[in-house]
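# Secondary and tertiary structure notes
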Amino acid sequence: MLILKAAALALVLCVLTLALKKDQPSFAFLASACGAVLLLTFAAEQLLPLVQWLNALAGYGLAAHAAALLRVLGIALVAQFAADLCREAGLGAAASAVDLCGRLLALAQAAPLLQTLLDAFSGFLQ
């Protein structure tokens, strides 16, 4: 049900932005930016259970893995947000570059976690 509230807010923002875009483009941008901040705040509140779960993993001695997961999640969210901003500004090439950079950085942060997983799997097979 939370996604319906977020989608409704996004739809209202789209209509408001399109209505203002013709006559008041600066107000349209302001409404769009404020709406994006509201939606990001809403999304950040929903991440609290995930952060608590990662802290619970840290309590089991998996602090390095929990930190790696949190870094990968942060990289993915920031890269997606930056790429969307670039697309909104009409900079498709910059958006693609940010997407690629985010994917590569997330993979680099997840590599030790993947190595641990592969080591555990190979130990299980032997």
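Please refer to the structure placed before this passage.
What comes next concerns the included structure.

### Description of the pattern of salt bridges
Enumeration according to the criterion identifies two salt bridges in this entry. Between aspartate 84 and arginine 87 there is a salt bridge; the shortest N-O distance is 3.2 Å. Of the two residues, aspartate 84 and arginine 87 are both situated in helix H4 (residues 63-88); the distance of three residues between them amounts to about one turn of the helix. Among the salt bridges present, the one from arginine 87 reaches aspartate 99, with a minimum N-O distance of 2.5 Å. Of this pair, arginine 87 sits in helix H4 while aspartate 99 sits in helix H5 (residues 92-125), placing them 12 residues apart in sequence.

### Notes on helix H2 (residues 25-46)
Residues spaced three or four apart along an α-helix face the same direction, because each turn holds 3.6 residues. In this model H2 runs 32 Å from its N-terminal to its C-terminal C-alpha over 22 residues, within 8% of the 32 Å that 1.5 Å per residue would give. For H2, the set of buried residues is Ala28, Ala31 and Gly35. Burial along H2 is one-sided: seen end-on, the buried residues are contained in an arc of 65°. Exposed and facing more than 90 degrees away from the buried side of H2 are Ser26, Phe29 and Val37. Taken together, the buried residues of H2 touch helix H1 (2-23).

### Quick word on H1
Taking 1.5 Å as the rise per residue, H1 with 22 residues should run 32 Å; its terminal C-alpha atoms sit 33 Å apart, in good agreement. Among all positions of H1, only Ala6, Leu13 and Thr17 are buried. Buried residues in H1, looked at end-on, bunch into an arc of 35°, giving them a common side. What points out from H1, more than 90 degrees from its buried face, is the exposed set Leu4, Leu11, Val12, Val15, Leu18, Ala19, Lys22 and Asp23. Residues of H1 that are buried sit in contact with H2.

### Some points on a nonpolar patch on the surface
Taken together, the side chains of Leu47, Leu50, Val51, Trp53, Leu69, Leu70 and Leu77 present a nonpolar region at the surface, about 540 Å² in accessible area. Listed by contribution, the elements that provide at least two residues to the nonpolar patch are helix H3 (48-59) and H4. Within the secondary structure layout, leucine 47 lies in the loop between H2 and H3. Using a relative accessible area of 31% as the deciding quantity, one classes leucine 47 as partly exposed.

Criteria and cut-off values
- Residues numbered from 1 in each chain as written.
- Predicted model: local features only at pLDDT ≥ 70, side-chain atom pairs only at ≥ 80, totals over all residues.
- Heavy atoms only, no water.
- Salt bridge = Lys/Arg side-chain N within 4 Å of Asp/Glu carboxyl O.
- Helix = DSSP H or I, 4+ residues; strand = E, 2+ residues; numbered from the N terminus.
- Expected span 1.5 Å × (residues − 1).
- Buried < 20%, exposed > 50% of the residue type's maximum accessible area, 1.4 Å probe, protein only.
- Arc of directions from axis to C-beta.
- Contact = heavy atoms within 4.5 Å.
- Patch = residues over 30% accessible without salt bridge, like charges linked within 9 Å, V, L, I, M, F, W, Y side chains within 5 Å.
- Areas by Shrake-Rupley, 256 points an atom, 1.4 Å probe, with all protein chains shown as cover.

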